[in-house]
Amino acid sequence: MKTCLVVDDSGLVRKIARRILERLGFLVEEAADGQIALDCCAKAMPDVILLDWEMPNVSGIECLRRLRATEAGKAPKVIFCTSLNDMEHIAAALEAGADEYIMKPFDDDILHEKLEAVGLAEKDLL
Amino acid sequence: MISASDYEFFSRFLKQRSGLLLTDDKHYLLESRLMPLLRKFDLADFSKLAAVLKDGSSAIISSAVVEAMTTNETLFFRDKAPFEDFTRTMLPTLHAARPAGQKLRIWCAAASSGQEPYSLAILLLENPGLIGRRDVEIIGTDLSNEVLERARAGRYNQFEVQRGMGVQMLMKYFTKVGDLWEVKEPVRKMVQYRKFNLLESFASLGTFDIVFCRNVLIYFDAPTKADILARIARALTPDGFLVLGAAETVIGVGDAFKPLPQHRCTYVPNVTPAVRPAPVGMKI
């Protein structure tokens, strides 16, 4: 079963993401900030991380940089999911090693397509 | 609520003006699309709107009704398969068949707010090796002035640019202007837009190598569909390609086109094999 770590300080966002991801067949873990996410990854690396930017303790971008600095941390696909939607933030996320970027608010279709784009959901050709 | 007699009138009006076929079960669609016009033109109810159309007193309102009913959702790279066919089959086939220097002409016959023609332009820029230095002309047409204005502006909200398109492509071909994402100039200048009604003669448009006519034939009755397909066939080169929507088919609608085997949305003119060379990688 594919695994997804949802990292967001909003319980509501984590709940919405979990509902969509479970319907797509993912096993979902949750983390409320970047440090908790790094701790989760140290225990078991997920296939994909849905990552908010602005969070207490360790931000999303810092979490990504620390993750990608490790050998095991290069493996998971990382999809940023944030309301910071200007080109500078997107460029910084891509430079830090993000694979995709969702501009909040998001819905089922957007999340599904981004998972497709990183090769973790089935391609719907028609 | 729209009365039965007004519904019948709107159906006749739309059929006559745009060829749009409104079946008996489209009350909700009609009401939801026309309700904003009641507010916009300060009309008390649908009967008043019908009365304005009947007496022909306002060309603006008549046009707004047609536009409201014929505007459809479009996404960048909608359905994916036609765009894969475009780069894998259509462009290599046509490039091999055409003499150097002859440009390729592509018609997006229901361009709506521009996502489809811009998707094709982006693919051409992403795959420069497919057609070398050959020029390509993309014409986007639509019945609605309102959507064509949006298409020309090339500005989309974040929901529209996130569906169907990866973030790398977004950053490469769009720039953020306020809250909207604007198609960059190299993409925009590849597409020309014109207002055009598919019920009119295609003579002014010239000949095309590829025609995208997706998700618009579903609104026409069978004879009108057959007529439009026959005229598209005459506007298409004998070795050209027609792309229809995923829910559309040419089966049982005249004999101008036949499906291209193993390509679900792509069709070719029904001409003899001697005229039509096999597409790249295909035996037909």
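Everything numeric here is computed off the predicted structure, so don't read it as measured data.

### A short note on the interface of chain B and chain A
Right, on to step 1. With 23 residues of chain B in contact, the opposing surface of chain A contributes 22 residues.
Right, on to step 2. Taken over both partners, the interface formed by chain B and chain A buries close to 2,000 Å², and the fraction arising from carbon and sulfur atoms is 60%.
Right, on to step 3. For the interface between chain B and chain A, the tally reads 3 salt bridges.
Right, on to step 4. Here Glu113 of chain A and Arg163 of chain B are joined by a salt bridge, their closest N and O atoms 3.1 Å apart.
Right, on to step 5. Across the chain B-chain A interface, the total number found is 10 residue pairs in polar contact (both at pLDDT 80 or more).
Right, on to step 6. Residue assignment for the side of chain B that touches chain A shows that the elements contributing at least two residues are helix 5 (81-97), helix 8 (158-162), helix 9 (167-173) and strand 4 (174-177) of chain B.
Right, on to step 7. Broken down by class, the residue content of the side of chain B that touches chain A amounts to 11 nonpolar, 6 polar and 6 charged.

### A closer look at the packing of helix 1 (residues 4-18) of chain B against helix 2 (residues 27-40) of chain B
All names here are of chain B.
Right, on to step 1. The N-to-C vectors of helix 1 and helix 2 enclose an angle of 75°; their axes lie 11 Å apart at closest approach. With respect to helix 2, the element helix 1 is oriented roughly perpendicular. Taking contact as the criterion, the partners of Tyr7, Phe10 and Leu14 in helix 1 are, on helix 2, His27, Leu30 and Leu34.
Right, on to step 2. Looking at the contact of helix 1 with helix 2 residue by residue, the class counts come to 5 nonpolar, 1 polar and no charged.

### Describing the sheet that holds strand 2 (residues 27-31) of chain A
Residues and elements named next belong to chain A.
Right, on to step 1. Read from one edge to the other, the open sheet built from 5 strands follows the order 2-1-3-4-5, with strand pairing classed as parallel. Two strands bound the open sheet, and with one partner strand each, they are strand 2 and strand 5 (100-103). Taking the axes of each pair of neighbouring strands and ignoring which way they run, one obtains an average angle of 20° across the sheet.
Right, on to step 2. Two strands pair when backbone bridges link them, and strand 1 (residues 3-7) and strand 2 are joined in this way by 5 bridges, in the parallel orientation. When the bridges of strand 2 are listed, Val6 appears paired with Glu30.
Right, on to step 3. Sheet strands touched by helix 1 (residues 11-23): strand 1, strand 2 and strand 3 (48-51). Its angle to strand 2, the strand with the most contacts, is close to 165°.

### Topic: helix 11 (residues 222-235) of chain B
It helps to recall that an α-helix has 3.6 residues per turn; residues three or four apart then point in one direction.
All names here are of chain B.
Right, on to step 1. Taking 1.5 Å per residue, 14 residues should reach 20 Å; helix 11 reaches 20 Å between its end C-alpha atoms and fits that length.
Right, on to step 2. All of the buried residues in helix 11 are Thr224, Ile228, Leu229, Arg231, Ile232 and Ala235. End-on, the buried residues of helix 11 take up no more than an arc of 165°, which puts them together on one face. For helix 11, exposure combined with an orientation more than 90 degrees from the buried face picks out Pro223 and Arg234.
Right, on to step 3. Where helix 11 is buried, its residues contact helix 1, strand 1 (104-108), strand 7 (208-212), strand 8 (236-243) and strand 9 (257-259).

### Comments concerning the sheet that holds strand 10 (residues 266-269) of chain B
Backbone hydrogen bonds hold the strands of a sheet together, and the pairing may be parallel or antiparallel.
Residues and elements named next belong to chain B.
Right, on to step 1. With respect to topology, 7 strands assemble into an open sheet ordered 6-2-1-7-8-10-9, the strand pairing being mixed. In this open sheet, the two edge strands, each paired with only one partner strand, are strand 6 (191-195) and strand 9. Geometrically, the sheet is characterised by an average inter-axis angle of 25° between neighbouring strands, direction not taken into account.
Right, on to step 2. Of the strand pairs in this sheet, strand 9 and strand 10 are connected by 3 bridges, and their pairing is antiparallel. Residue pairing for strand 10: Pro259 is matched across the bridge by Tyr267.

### Observations concerning the domain arrangement of chain B
Residues and elements named next belong to chain B.
Right, on to step 1. Segmenting chain B into domains produces domain 1 (4-70) and domain 2 (81-269).
Right, on to step 2. The straight-line distance from the C-alpha centre of domain 1 to that of domain 2 is 29 Å.
Right, on to step 3. Listed per partner, the contact involves 10 residues of domain 1 and 11 residues of domain 2.
Right, on to step 4. Both faces combined, the contact of domain 1 with domain 2 buries some 870 Å², and carbon together with sulfur accounts for 51% of it.
Right, on to step 5. For the side of domain 1 that touches domain 2, the elements supplying multiple residues, two or more each, are helix 1 and helix 4 (59-70).
Right, on to step 6. Of the residues forming the side of domain 1 that touches domain 2, the biggest block, 4 residues, is contributed by helix 4.

### Overview of the packing of aromatic side chains
All names here are of chain B.
Right, on to step 1. All chains considered together, the criterion is met by 14 aromatic pairs over all chains.
Right, on to step 2. Judged by centre distance (5.4 Å) and plane angle (90°), the rings of Phe76 and Phe174 are edge-to-face. In this pair, Phe76 is assigned in the loop between helix 4 and helix 5 and Phe174 in strand 4, connecting sequence segments 98 residues apart. You'll find Phe76 and Phe174 in the same group, each marked buried.
Right, on to step 3. Site record: aromatic cluster; members linked through ring pairs are Phe77, Phe83, Phe86 and Phe212.
Right, on to step 4. Above the ring of Phe202, the side-chain terminus of Arg231 is found at 4.4 Å from the ring centroid.

Quick notes on the rules
- Residues numbered from 1 in each chain as written.
- Chains lettered and ligands numbered in written order.
- Predicted model: local features only at pLDDT ≥ 70, side-chain atom pairs only at ≥ 80, totals over all residues.
- Heavy atoms only, no water.
- Contact = heavy atoms within 4.5 Å.
- Buried area = accessible area lost by both parts, 1.4 Å probe.
- Salt bridge = Lys/Arg side-chain N within 4 Å of Asp/Glu carboxyl O.
- Polar contact = N/O pair within 3.5 Å; in protein donor to acceptor, adjacent residues only side chain to side chain.
- Helix = DSSP H or I, 4+ residues; strand = E, 2+ residues; numbered from the N terminus.
- Nonpolar A, V, L, I, M, F, W, Y, C, P; charged D, E, K, R; others polar.
- Axes fitted to C-alpha atoms, helices over the stretch in contact; angles between N-to-C directions.
- Parallel < 35°, antiparallel > 145°, perpendicular 65-115°, else oblique.
- Pairing = 2+ DSSP bridges.
- Expected span 1.5 Å × (residues − 1).
- Buried < 20%, exposed > 50% of the residue type's maximum accessible area, 1.4 Å probe, protein only.
- Arc of directions from axis to C-beta.
- Domains from an automatic or database assignment.
- Phe/Tyr/Trp six-rings, centres within 6.5 Å; stacked < 30°, edge-to-face > 60°.
- Lys NZ or Arg CZ within 6 Å of the ring centre and 35° of its normal.

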